[in-house]
Every structure is written in structure tokens, then in C-alpha cells.
Amino acid sequence: MQEERHLSRTPLAFPPAPNGRPCRSSSGYVAGRVMPARPPPSPGVTSHSVQWSSSKAENQATFISRGNEQWRETEAARKRRRKVKNSLVCAGICLGLFFIVLAVVFGTNPGSERDENCPDHQLGFTNWDPGHNELKKVVIGEGDRFRLVSSATLHSIIIQQGGVLVFADSADGSKNISLKCSYILVRDGGELHIGAEKCRYKSRATITLRGRSNEGEWLPTFGRKVLGVDSGGTLELHGALKTSWTLLAKTLPPSGLEFGSYIERPVTRGLNVRVVDQDTGQVLLADRFDTHDFANESKRLQKLLQSQDVGRIIAIAVRDSAAKNLLQLTKDTIQELLGSGLVQDLSYRQAWALVGVIGAGNMSCDESVRDYENHDTGGKAKARKEFVTLDGVRFAVSASSQWKKGIPQAEFQVNVSEGLVLELLDEVQGWEMGDRLVVASTDYSMHQAEEFTVLRCPECTSRQIMVTGKAQFLHVGEIMDGIDMRAEVGMLTRNIVIEGEMEDSCYGDNWCQFFKHDTFGGHLKILKNFTSVHLSNVELVHMGQQVMGSYPVHFHLCGDVDKLGGYSSPTFLDSLAIHHCFSRCVTVHATNGLLIRDTVGYDTLGHCFFLEDGIEERNVLFHNLGLVTKPGTLLPTDRNDAMCSSILNNVYGNYIPVPATDCKAVSTFWVANPNNHLINNAAAGSQDTGIWYLFHKGPTGDSHGLLIETKAELTPLGTFYNNRVHSNFKAGLFIDKGVKVSNATADDPREYLCLDNSARFRPHQDADPQKPRIAALIDRLIAFKNNDHGAWVRGGDIVFQNSGFSDNGIGLSFASDGSFPKDEGSSQVVSESLFVGESGNYGSQGGQNKYWGVGGVEGKNRTLPRDKTFPIRGFQIYDGPIHVTKTTFQNYMATPVRFTSAIGFFLKNPWQLTPKNSFSLLKFDTKVAQRVFFGKPGPWFEGYDFDGDKNEIFHDVDGSVTGYKDTYVSRMDNFLVQHPGCKNVTSWFGSVCSGKYAQVYIQTRRPQNLTMTIVRDDYPKHPMTLRGINQRADFQQYQPVVMLEKGYTIHWNGRAPEETFLYLINFNKGDWIRVGLCYPQGSDFQIMADIYQRQNSTAHSVEDFLKVASIEELQNKPGQRKYYFDNGAGLLFLMLQARQDREGHSYCSTQGCERVKVAAVMKTQGVSNCMPAAYPTYSMTPKATVAMPPPSSGKCESCGASRLAFTSDPYQTYLRVQIQSLGKTGTQQGQETPFISVNSTRFSFGERFYMVTVDACSGTVTQNVSFAKADAVMANYLENGISARSIVLLGSKDTIGGDVDAISKKLVPLGTAKPARLHKRESIAFFGYRGNSRPLWTRLYSSPAGQGLPLLEKYIPLQLEDYGCTMVNPVHRKELELLHKALQ
């Protein structure tokens, strides 16, 4: 989508310099010209202005400027001239005017009007034609202002000390210039200009950077094959305006036809026949008739043709021979029905091909014959006719027949005729014949992205483009099931090109074990203190190197490049096309305040939009598109499995990296500091992740030492608004982890900057943990067709709102920002969002899509994430606390080999889960078979017996999940949290219970590897065994969820630990449980309570426990620090009761974490399992502490997301309309009543035809009518009864009948491209429009006899200008407001 541009960008100046030197003092605005925001540093040494050098003597030439002594003499001469008489001054002025006129005449481009905004129109420039010499080294220096007027090849160019090089242009864009050299360096007051912001370059300019990785000059800091901008340099490149990228507005099916193209070469003798649907191009029947040997075959063919409806397309091709037993009656039928003029004379082995239309006569017939002679027909008999579908797509049906070298051949094809027409969401500017574009994948594999070439199309509108070839894969161009899945269309061509000259294959030390092609491209590198850099509408191809620091565009340690850095015209990259490159797209390295907008990064290696060292802040990425981001070698996080395990240069010793934990993180947007702004971007396919936020513990790489610490984990998130992520192999959005910030050592042999799991995002005001948390807001994320996760997010506080997830392995997972006791507790919230399990986007096989099988609501074959058996989940609970509210779930249907649920849990979870996880105001549509699924032993779940698996639980706040308000849902076999009144839901493997719940965090030492068993006194026969989390640490931890106001006993599979801490987690003041810890008889104890402060690891409010003589005495004083040891049973009893208040989402109280420490001195070494002695002595009768509520009654009107459509153009209003037609078969089977729905308001009908009209400007339903049959009344209504600017919705019931031809004709003005053939159709559904335009969403659906139509749904845009709406609501463009705010 192309956005309006209102940025105040100031073009650079080209003031005349009569003395041959650029003016460095002026900074005022002059008629479209502005001097650089700050002057370049003064040169320390005066050098020669232009130097050409060559090893060949005949090419040597030097142009020498005036030295310092000469300059002093000139100044003295000027002082003397001031004393000259007035008459001489006047003469001098006249002479000056004369030379100015000469400069105008001879110094500007001939044949064009001078424009002061154009660099090549400025006065004082010399036309420059350096020719072609690969050995020439050119230095453009002080006093040199060159206009390059023709193509050139040089060794190198250095532009410095006020030297200026501009490319000549022409008004008609014919001045195509190519400059080839090994490097160009702009520095120290030098300037390179191609076009300007106010004077776009019209011709084609190409800068080709030459050289091999092992040859040529290496420049310090810059390297080889580089366009470099050093301190004081100016680079201004401004190509012709082109829309950078937009979205498809109509689905592009494979080959361009809904049912695909068709090509077949039959191998059977006789007349081969294909029957083609004239309305869709679908091949309905393929048959062959051996009329050479069998007369019955001729009769069968005759019956087939006579049974076809008028208008059906028939293609016939002879293979071998067909004439011998082709009966006369059959020939007559072919002639009569298809208009053949050649079939009557068909002879032995004659090649014959025909394409005709039943009942259309010879005007619709195309046919040809070739005579057989000497085992050959001397070519093909060809027949071809063009047709148009109901949707207006032109297609061709062709047949051919021949003998070739004694072999008979026949062929049929059905293809889109000429080029494909792409329907686009936005009006596109500057897309021209010959341009290359890419259409993104809308499936799980990014490799389904496809490139096309633009064709000339005079009849195309400003929102249409015709391209060559045909699509191999499905590219969705519509909103499906409420989620915007429209494919991105990126323009790859610009008229200013910077490219690397490449070898035919990989060579030398360029990682040829991983890449077969040359990866040593050119690169563009900008260093600190440049004077001015602005690039717009520039193409960079074959750029970047698998060499650190050499990227297509690289801002290297530039600091602040906006107004904070002294730039009155902030630095920007606008509408770049970076494609087929070899190391990233744009690297922002220790650079702040850069604007990157409308830029396409396609088919690149390594992280694409790369914010590198963790200190980059305030950068704005607006409306950029990245797709097909492939692995590279540079950093561990760039690498795939093979690269990760075989690149060992920087590991310690014999360590072999683990790909899953050290590498495999290549991302289209790699953001190493949260204080950057991402608005309206698309990450449309990466080998791993679309957008990855990670958190550096300190500055890395070249930024190391610039700051003491980054505080990235604590830094509030910048703006995140309206971004889309899809077709990524790992995740769409990933917020988690960091990188290793130390070199490899024996203690940690992993490579520097490998992926590291130590960082946790916990944003606070001013990045100060003592100040309040600042919630990170993810607003309007669209995530679909990501193999693993739509989004994985760790940390808090984090809020997702107005977001849509569809067709992901897992829609969204939250993980807490750490492990207790370090994690303080935070909030993770989802609101006003939509989760779709499997949409109507069935996908396409191929393009590295691995899994194809049955799925979805209709049980059809489709592409699948991960595996055919992978349990798809909408929202996944990991630990918590999370809260999901005002959210809708739809289309979660299981298959015989796969579990699917709207709400699910992290698989094989060793971690804790909190009962504070909660859901409210949820809506589940009828196509959600399983609202919740806890799991089951088997594939993916394995034993289903980790600690976290056993403690799965959440709170149903309002009953919108279970139908029981204020209840908790847990595993059906977890008796720590149940009571007799709980309601089991067997299909969920869950139980719905009332009560109050919390957690106990138990930490043990000496020994640290015990298995703990906890038993609730109510259910002694149902213990829970926990293995703990840290199997290799010096302590162990367990965290069971418990029902409050109950008693529990704890046992071990070895001798009890010598030291045990019990923390009260999520206990409110006054909450309590009784716990009995098993110890050997005769043990002694030292027990104390304190409040632990996690911030500084200190404790306060220390109290010792005193021993009491009985358990009754203990229970009578629950608030006192007492304990009772039942020596006979070996049970140490404690009353754990919270004394402090807890606020918000914190795990602990406002004073700290209340805990109890038990230090035991044990005299025996036996196993501390006291269950036989504990029960039935301490058994209790099961009962509820909180009564179960009654089932909820009535429909929740406020449940679910308020929005029905989640799109990438949120300023556009969409109307959701549905048509459920019902054929005779469905009626007989008692299926649902047919209806039309408009924004969830349903209109049901009993007549055969029913219709609803809606005002396309307001979205208001204006009429709903029905008709008993297709007749003159209905035809008249369609023609005269519908108001202008109306959306027309038409459905049917039972078998359609009456004068369907008349009705079909009346549908043409409402949206069909031609009258449809509706005879023998069972059901129809029509989305039409009455008005002066034909919107792309108009469509007629029909089903053959015996088949019905599924529920059909469309999202129709309202208030379009094309509708002619007179009272259009003002458009609120929030993304532009956010952009403006970010640039302040």
C-alpha cells in the first residue's frame, strides 16, 4: 500500500560558484535549493582537483589547482582591483554578464528548459566524458563541478574537497548513463548527485561496482567494491517516482484461472475430447473415442455431444487415426452442433483439431487439418479460441494434432490468454512495460513468491497491471474469515540502479560450500559526520557481501542523523528496491533517527532490515516490505542448520554449536533495541522469523564501549502499529531472547553474538526498574500462515489489541518475563482480537510446502503447518499470568489424526502455570469443535507428564468459555484443585471447578535432585508427582497450584532435603493452606519466616517458628509462627498464611515475598515417603470451599471482538456479508435454513430466490425481498427495482427454476462479465453492485445438480470514491499521525 507523503524534505543545493569553489557559508533557502544542513569539516590539506592516473604513459594527465601561495597572491590582486575606477568596474560587470550568458548557453543541457532544482541544470558545470579505461583513477576535487554526459568505465573515483559530480539527464528520459568502477568514495566536502527531490531523474542511471573478493584495492573501513560516503560527503540519489508496493485486490489463482490451467498430451488412439466450462475455464470431462476400430465409440461420442448444454466448449484432437469407423451421423452431429466444416472429409491418419461451442455454429468454430504423408503431417493441425469467464478473465482453449517422424501426437491446453492482469488495491504510479515485480507468498512457504514482468496494457486502469507468464501458486487477494491475507506486490525496478558486477559462479573463500552463486556484490557504506545522504527510488541489486560490514545499504556508527544530530533535513531512505542481494538489505549500525520508508527488500541473505548493536534508537521503519529472507553466514543468528554446525572459527575448543539454540534466527526485521518505531510494515517470508525484537545486555560489535549498558530489556517499546507477518517458517513476530555478549571461553564455548536465552523484556519508565512499568503495545498485528507461531512474546507488561491471527501452527503464545523468584510478575493482555484456526486460504502444493492433507471446516485438502498431526492451537498458555478478553475464535476443527483447539497449552511444559491466567468476554463460533484441549499422551504430547502439564489451569471470569461464571478449568486428573461439584468435560480432558487458588513455590537443597509428591488431604488416592525444573542446578524447584483453605502433605523419593523454602505465590492477605512435610523420625528443625526482597536479594521481618504439642493447637492459631511435628508419622505441619497485601499482577506482596525456611537435621538416611502413615489419619472429606455457580443463561451480546475484519488498511470500513444458499439435496437432508447475513444481522427466507440490498456508502440494509421463481417480475426488479450505489446479495433455495436466462442477462449490469449459463444448476449465490463501476468483489457462484454451495463470505469495502458516495466520512489515517509523531 502506498501512503501519502507529506514529509518536509529539503533538497540539496547546487549554487553557481563563479570562482570555481563551492560556497560553504550560506545555509539559507533559495528557490528550491538549500545548502547542506551543516558544512563538511575543513580539509586539512589542499589536494589536486582532478587526477587521472594509469600505468600507460599515453593516458597520464594531471589537472593542477592553485596552491596556497597562488591563493594568497590572488587575494592580494583582488584588493588592488577594488581601487580601479568606476568605469573599469562597469566594464568588469558587463564582461561578467557576458561570461554568465556563455555559461548558460554552453553549460546546461541543450534542448531542455533550465530548472534550478535539477543538479545537471546548475551553472558552472563542465560536461564530462571520461571514456572507458579500467585503469584510470579519478579524483574530483576543489573547483571541479562535472556533469557526466555519457557512459564510462574507470578504475575508481574519489570526490572530495568541494568537488561535485552529477549525472546528466534529458527531458524525455533518453539520457541513459552507465558508470562502472571498482569503487566511488565521496568525502570531505565532495558531492555525488543523480536527480534531486524536486527534480526527479528521468533517464536510466546505473552505477556498477566491479571486482572480485581476492583482487584489487582494499580501502580502510570501506573494503572493496564500494560506494562509500565518508565524513563531509554528500550523496543525493532521486529516481523517478514509483509506487513501491501495494496489495493484491483480487485473488490470483495458479495460472490465473480459478481451477488452474490445463495441459495434457493424450496417448490414446481416436478422437480425444475435452469438455470445458465456458464460465470458468474448468475442464469438466476428458474422454477418448476409438472411432478407428469401433463404430460404437462413434455412437457414444454422438450421445455425449448431444447431452451437452448450449454454450459448452468442446475441444477435439485426433491421435493416430479416427476416420475408419466414424459414422456419418456422428459427423453430422459434429457439424451441426459445433459448426465443423472439415469433419465430413476426415481421412485415414489425417491430423485434425477443433475448438467449438455447442449450438454456436461455424462462427464459433476453429479447426484445421494436416494430411498424413510418409509418416509425418509436416506440422501441427491447430485450433484455438478465446473466451471470457464470468469474472472477466480472458482464456484460450487450444487443441492440436500431428504425426511427427512416425509418432502420433495430440495436445490440449486451457490457459489465460496473453498476460495476467493483476488487480491492485492502490493506484500505482510509474509502473511501466518491462519493469519487474514480485508477488508475495500467501502460504506457509516464502518460496511461493513469484516474479513477473510488466506488459503494456492500454486498457488497464490505474489499479491494474498486466504481466507476463502465469502464476504457479495461489496468491490470495482478499480478506478471508476476517483476516487480511492480500498478497503484497512489490516493484523491483527503478531508473537509478546501483549494482554489483558478478561472476558466473562462486569462487575463492566466499563460502562456496553453502552458495553455488557468487556472493561478493557491491555495497554502499555511509560513515559518521556525512554532510547529507538522501536516497529515493533507487534500485540496489547484487549488493552486499558475505563479509562483515559490507551490506547493500549500511549506516555505520553514524550517531544521530536527524535534527538531534544537526541535520536540518533528516536522513532518509525512501522507496528503495533492494533485491537479489547477498548480505542484508539495510543495516542501521549505531545510528539513530533514520527514516526508512516504502522500501522493498527481496531475496536477500541474512537479517534484512538490521538494527545491529543494541544501541540504535528512534529509527522509523514505515511501510516497508521484506520477503524471502534467506540464511547467511555472517552471524550465528543468520545461519541455518548446516552453517551453524560447520562454521567453527569463533567457538572455543571442540564445541559444536546447537542450531536450535545458538543459531536459526534469521529475520526480515531484526530489532535489537525496543525504542524504534515500526509502522505499516510487512514481513512476508523469512527462513525463521518475520519481526524479531531481542535485547542486548550491553552494546555489541563496534558499539562495544560506546555506552556502559543498553538497558534494552527495560526500555519501553516504540510505536508498533499495523504490521503484518506471514509465510515465515518459525514465527511471524518474536519478542524474546538476546545475544551472547562475551567471547567464547572454556566456561562458555559458544560463539560471540550467538542466540542467548538470558534476556527478558520488562519495560519501565525511563528504563528504570524502580519506576512504574510501561506496557508495550502491539497494536494491529496481522499474522497468518506462519508454520510455528503467529507470535511468541516473552515479558511484561505487554498488550496486544486489534490483532488478527489465522492459519498459524499456534496463533499466539505469551511467556512470563522470567522465573520465580526473580520475576516480579507482570501482565500480558490480549483484547479486541480474532483467532482463526484454518481459513478459506487452502494454499498450494509446492514451493517447499512440506505438508498437504485434510483439514479445515470443510475437510478438504490444504497445506498444513509443521505436520499433519501437529495440534493446532489459537491461544497457547505457557505460564502466565495472561488475560484474554473481547476476543473471537473461529474455525478450529480437529481431524482424525490431529487435535485442534481454540485454547491450548504449551507442550511438554516443565514450567509453572499460574491460576491467575484468565479469560473473559470470549466468543466461539459454531465451527469451533474444541474450545479447550489440555492434551493426551501420544504424538507431540508424548507422556504428557511434565510438571507444567500437570498444573495446567485458567480462570473463566465470566463463563464465556465454560458456561459457568467465575470458575477455574484444569486437567481432569488434577485432584489438587478439584472438589465433588466440579464439572468434567471429557472431550477437553478438563474439569470446571469453583474455588480459590494460588501456588506454592518450593525450593530445596541437599539433595537437589529429588522427585516430590504432593497429596491433598481430600484425595489421598490421587497424589501428584513433580520432577522439578532444574535437574542440573544446585537447588531444585517445584511449583504446584493449590486450592486454598485445604491441607496437603509433601513426600520425597529419597531422604528429605536438608533445606526447604516455601514461598507463597499469588496469596492474598489472609489466604492459607496447611502443609505437612515428610521427614525421618527424630529429626530436628530450625524454622523461620521472612519477607524476601528480590530487587536486592535481602530479607526482612524475620521471625522464628515455635513448636506446639498438637495439630489442633497449630490449627487454632493459624496466623502465628508455630509448627507441629508428628514424630510417629514423620510429618512436619505448618500453617502457611499470607499477612501482606498483594497488588496487581505481582506474584508477591507489596512488601516482598513471604516465605518460610525449614532447616532440618536428620538422623537417618531412609526414603522420606510418609503417605502410608499420613492416611487415613489426616484424610479429609472432599468438599467445595466455594459453591459451583449455576450455568450461565442467555447470549453474551458483548462477547467477542468488536471488529469483524482485521485489515492492513484500518482506515477503510468493510461490510461482512454472507450468503448461505441451500440446494434441493441440502433441503432433503434437513440442513440449516438459507439466509443472507449483513454484519451478523441474519435475514432468513423461505422462497426459491431471496435478495438483500445494502447502501454501499452507509452500509445500511435498504431492501430484502424474495421470489418464488425466476420470472418477468424478478427480472424487472433486477433491472429497475434496485437503487444506484447498492450492494446486491442474491441467494437461492431448492433447485433454481423458471426463466433463468432472463435472470442471467439482468446480472450482467450488476457485475458478471457475461450472461451465465444457469440451466441444470442447483444453487446460486451472487454478490453484485448497482452503479457506474464494476467492483472487484462482484461474483456469481453456482453449483451443479446434486451439489450445494458452502457458506460464502465476503468483506466489501464501503464509501469508495468509485461508488460516487456524496457524504464520505472523513478518513482517519492513524498511521500517518504516528509517523509524524515519531519524526518529531
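This is a predicted model, so every value here is computed, not measured.

### Points about the environment of G1297
Relative to the elements of secondary structure, G1297 occurs in the loop between β90 (1286-1292) and α12 (1300-1307). For the pair G1297 and D1271, spaced 26 residues apart in the sequence, the C-alpha separation amounts to 9.1 Å. Those residues in contact with G1297 that sit more than four places away from it in its chain are R1248, F1249, K1269 and A1270.

### Examining the sheet that holds strand β25 (residues 394-404)
Picture the strands of a sheet paired through backbone hydrogen bonds; they go either parallel or antiparallel. Taken together, the four strands give an open sheet; going across it, the order is β18-β26-β25-β24, and neighbouring strands pair in antiparallel fashion. A strand with exactly one partner marks an edge of an open sheet, and here the two such strands are β18 (262-264) and β24 (381-388). Taken pair by pair, the neighbouring strands of this sheet meet at an average axis angle of 5°, ignoring direction. As paired strands, β25 and strand β26 (residues 407-416) are joined by ten bridges and run antiparallel to one another. Considered in β26, the bridge of S398 is made with Q413.

### Observations concerning the side chain of T715
Mapped onto the elements, T715 comes out in the loop between β50 (689-693) and β51 (720-726). Side-chain polar atoms of T715 contact the backbone oxygen of K711, separated by 2.7 Å. Sequence-distant contacts of T715, defined by excluding residues within four places in its chain, comprise E617, N673, P674, N675, T710, F761, P763 and A767.

### Details of the pairing of β25
The buried fraction of β25 amounts to nine of the eleven residues, a majority that puts the element mostly inside the structure. When β24 meets β25, the two strands line up antiparallel, connected through eight bridges. Bridge pairing in β25 links F387 to F395. Linking β24 back to β25 in an antiparallel pair, the connection comprises five residues, with G392 at a positive phi of about 90°.

### A closer look at empty space enclosed by the protein
Taking a probe equal in size to a water molecule and rolling it over the atoms shows the remaining empty space. Tallied over the full model, the rule gives eleven cavities of 30 Å³ or more. Approximately 100 Å³ is the volume found for the largest cavity. When residues of the lining of the largest cavity are traced back to their parent elements, those giving at least two are β63 (872-877) and β65 (900-905). With four residues, the top contributor of residues to the lining of the largest cavity is β65. Residues belonging to the lining of the largest cavity are distributed by class as follows: ten nonpolar, three polar and four charged.

### What to know about the environment of N757
When you line up the elements, N757 lands in the loop between β54 (755-756) and β55 (776-784). Among the residues examined, N757 registers a relative accessible area of 40% and is labelled partly exposed. Taking C-alpha positions, N757 is 13 Å from Y693, a pair spaced 64 residues apart along the chain. Residues within four places of N757 in sequence aside, it is in contact with D736 and K737. A polar side-chain atom of N757 sits 3.0 Å from a polar atom in the side chain of K737.

### Points about the state of the cysteines
For the structure on display, the rule yields ten disulfides. In this model C506 forms its disulfide with C512; the gap between the sulfur atoms is 2.0 Å. Handedness of the C506-C512 disulfide follows from its S-S torsion of about -85°: it is left-handed. Overall, C506 belongs to the buried group, its relative accessible area being 14%. There is a disulfide in this structure between C644 and C663, and the S-S distance comes to 2.1 Å. Classification of the bridge connecting C644 and C663 rests on its S-S torsion, roughly 70°, and on that basis the disulfide is right-handed. Pair noted here: C644 is in helix α5 (residues 641-646) and C663 is in the loop between α6 (659-662) and β47 (667-671), with a separation of 19 residues, a long-range link. Residue classification places C663 among the buried residues on the basis of a relative accessible area of 1%. Among the cysteines around C181, which has no disulfide bond, C581 carries the closest sulfur, lying 18 Å off. Cysteine C558 shares no disulfide, and the gap to the nearest cysteine sulfur, in C585, comes to 18 Å.

### Observations concerning the packing of helix α3 (residues 295-307) against helix α4 (residues 328-338)
Orientation of α3 relative to α4, taken along the N-to-C sense of each, is 25°, at an axis distance of 9 Å. Comparing their axes, α4 and α3 come out roughly parallel. α4 is crossed by α3, and the crossing has left-handed handedness. Here α3 contributes S298, K299, L301, Q302, L305 and Q306 to the contact with α4, which in turn contributes L329, T330, T333, I334 and L337.

### Focus on the nonpolar core
Counting 112 residues, the largest nonpolar core has F800 and F875 as its most contacted members. The element contributing the most residues to this core is β55, with four residues. Excluding residues that lie within four positions of it along the chain, F800 makes contacts with L733, I778, L781, A791, V793, F805, L812, F814, V829, V830, S831 and S833. With 45 residues, the next largest nonpolar core counts F1085, L1132, L1134 and V1156 among its residues.

### Section: the pairing of strand β19 (residues 270-276)
Within β19, seven of the seven residues are buried, leaving the element largely enclosed by the surrounding structure. The pairing of β19 with strand β21 (residues 313-319) spans seven bridges and is classified as antiparallel. Paired with V273 across the bridge in β21 is I316. Where β19 lies against strand β20 (residues 283-289), six bridges are found, and the strand directions are antiparallel. Residue V273 lies in a different strand from β20, and its bridge partner there is D287. Where β19 hands over to β20, the hairpin turn is made up of six residues, of which G281 adopts a positive phi near 85°.

### Quick look at unusual backbone geometry
Across the junction of G880 and P881, the peptide omega takes the value 10°, indicating a cis bond. For the bond from R1006 to P1007, the omega torsion is -5°, close enough to zero to count as cis. For P1007, the location among the structural elements is in the loop between β71 (997-1005) and β72 (1012-1016). Even without glycine at this site, E942 takes up a positive phi of about 50°. On the accessibility criterion, E942 (47% relative accessible area) is partly exposed.

### Observations regarding the packing of aromatic side chains
Enumeration according to the criterion identifies 48 aromatic pairs in this entry. Between W670 and W692, the ring centres sit 5.6 Å apart and the planes meet at 50°, which makes this aromatic pair tilted. Here the residue W670 occupies a position in strand β47, and W692 occupies one in strand β50, the gap between them amounting to 22 residues. The exposure classification of W670 matches that of W692, with both residues buried. Aromatic ring contacts, followed pair by pair, group F800, F805, F814, F835, F875, F889, Y892, F919, F924 and F954 into a single cluster. Just above the ring of Y507 sits the side chain of R212; from NZ or CZ to the centre is 3.9 Å. Across the ring face of F1327, the terminal group of K1354 is positioned such that the distance to the ring centre comes to 5.7 Å.

Rules of the game
- Residues numbered from 1 in each chain as written.
- Predicted model: local features only at pLDDT ≥ 70, side-chain atom pairs only at ≥ 80, totals over all residues.
- Heavy atoms only, no water.
- Helix = DSSP H or I, 4+ residues; strand = E, 2+ residues; numbered from the N terminus.
- Contact = heavy atoms within 4.5 Å.
- Pairing = 2+ DSSP bridges.
- Axes fitted to C-alpha atoms, helices over the stretch in contact; angles between N-to-C directions.
- Polar contact = N/O pair within 3.5 Å; in protein donor to acceptor, adjacent residues only side chain to side chain.
- Buried < 20%, exposed > 50% of the residue type's maximum accessible area, 1.4 Å probe, protein only.
- 1 Å grid on protein atoms, 1.4 Å probe; cavity = no way out; pocket = protein on both sides within 12 Å on 5 of 7 lines; lining within 4 Å.
- Points joined across faces, edges and corners; volume = space filled by probe spheres on them.
- Nonpolar A, V, L, I, M, F, W, Y, C, P; charged D, E, K, R; others polar.
- Disulfide = S-S within 2.5 Å.
- Parallel < 35°, antiparallel > 145°, perpendicular 65-115°, else oblique.
- Left-handed = near helix turned anticlockwise from the far one by under 90°.
- Core = buried A, V, L, I, M, F, W, Y, C linked by side-chain atoms within 4.5 Å.
- Phe/Tyr/Trp six-rings, centres within 6.5 Å; stacked < 30°, edge-to-face > 60°.
- Lys NZ or Arg CZ within 6 Å of the ring centre and 35° of its normal.

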